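Fold and contact review
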Amino acid sequence: MKTTLIKIAVLFVIALAIILTICGVNGLLTEQCEQSKVLKVLCDAFFVPGVVLLCVSGLSWASDKGAFDAIGYGLSTFFNTHMPAGKGLDWHKKETYQEYIERKHSPEKKKKKLNVALIFGGVLIVVAVALLIAYLNVK
């Protein structure tokens, strides 16, 4: 529960930073603007972090399904083999790709976890759609 709250706080700070950056770049924070421009900029400002968080959750899902296992195995093998200190020079039998896959996707590591980025990104997209509807009704 504590890690979920930390994830929510981090995602909130990231989304807020993106929202404030977009609003600041478009002059919403420093100058007086008409209502249609305010709604347009706010729609854009909520849409961008929503899409970013949805993409992050998609990459997380793909990673959980094993899409990046070969890259992870290749990088770990490369660094374990070529590091001058530590376990790189032990010359013992290395972990095979199949053993790596079994270790990464073992039942102990397969916990049902809540994808906070998916939910948070979806909420931001819903807010952006509501602001778009309001913008289209003001014009």
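The structure displayed is predicted, hence computed values, not measured ones.

With respect to helix 1 (residues 2-25)
- With 24 residues, helix 1 extends 35 Å from end C-alpha to end C-alpha; this agrees with the ideal 34 Å at 1.5 Å per step.
- The complete set of buried residues in helix 1 reads Leu-11, Ala-15, Ile-19, Ile-22 and Cys-23.
- Directly beyond the C-terminal end of helix 1, a positive phi value near 80° is found at Gly-27.

Side note on the environment of His-105
- Residue placement: His-105 occurs in the loop between helix 4 (97-104) and helix 5 (116-138).
- By relative accessible area, which is 24% here, His-105 ends up partly exposed.
- Sequence separation between His-105 and Asp-69 is 36 residues, and the spatial gap between their C-alpha atoms is 9.8 Å.

Concerning the side chain of Ser-36
- Residue placement: Ser-36 occurs in helix 2 (residues 35-64).
- Here Glu-34 takes part through its side chain, which lies 2.9 Å from a polar atom of the side chain of Ser-36.
- If we skip the residues at most four places from it in the chain, Ser-36 touches Tyr-135 and Val-138.

Here's the deal with the packing of helix 1 against helix 5
- Relative orientation of the contacting elements helix 1 and helix 5 amounts to 35°, with a least axis distance of 10 Å. Here helix 1 runs over helix 5; the crossing is right-handed. Residues Thr-4, Ile-8, Leu-11, Phe-12, Ala-15 and Ile-19 of helix 1 pack against Val-116, Ala-117, Phe-120 and Leu-124 of helix 5.
- Tallied by class, the residues present in the contact of helix 1 with helix 5 amount to 9 nonpolar, 1 polar and no charged.

Reading guide: rules and limits
- Residues numbered from 1 in each chain as written.
- Predicted model: local features only at pLDDT ≥ 70, side-chain atom pairs only at ≥ 80, totals over all residues.
- Heavy atoms only, no water.
- Helix = DSSP H or I, 4+ residues; strand = E, 2+ residues; numbered from the N terminus.
- Expected span 1.5 Å × (residues − 1).
- Buried < 20%, exposed > 50% of the residue type's maximum accessible area, 1.4 Å probe, protein only.
- Polar contact = N/O pair within 3.5 Å; in protein donor to acceptor, adjacent residues only side chain to side chain.
- Contact = heavy atoms within 4.5 Å.
- Axes fitted to C-alpha atoms, helices over the stretch in contact; angles between N-to-C directions.
- Left-handed = near helix turned anticlockwise from the far one by under 90°.
- Nonpolar A, V, L, I, M, F, W, Y, C, P; charged D, E, K, R; others polar.

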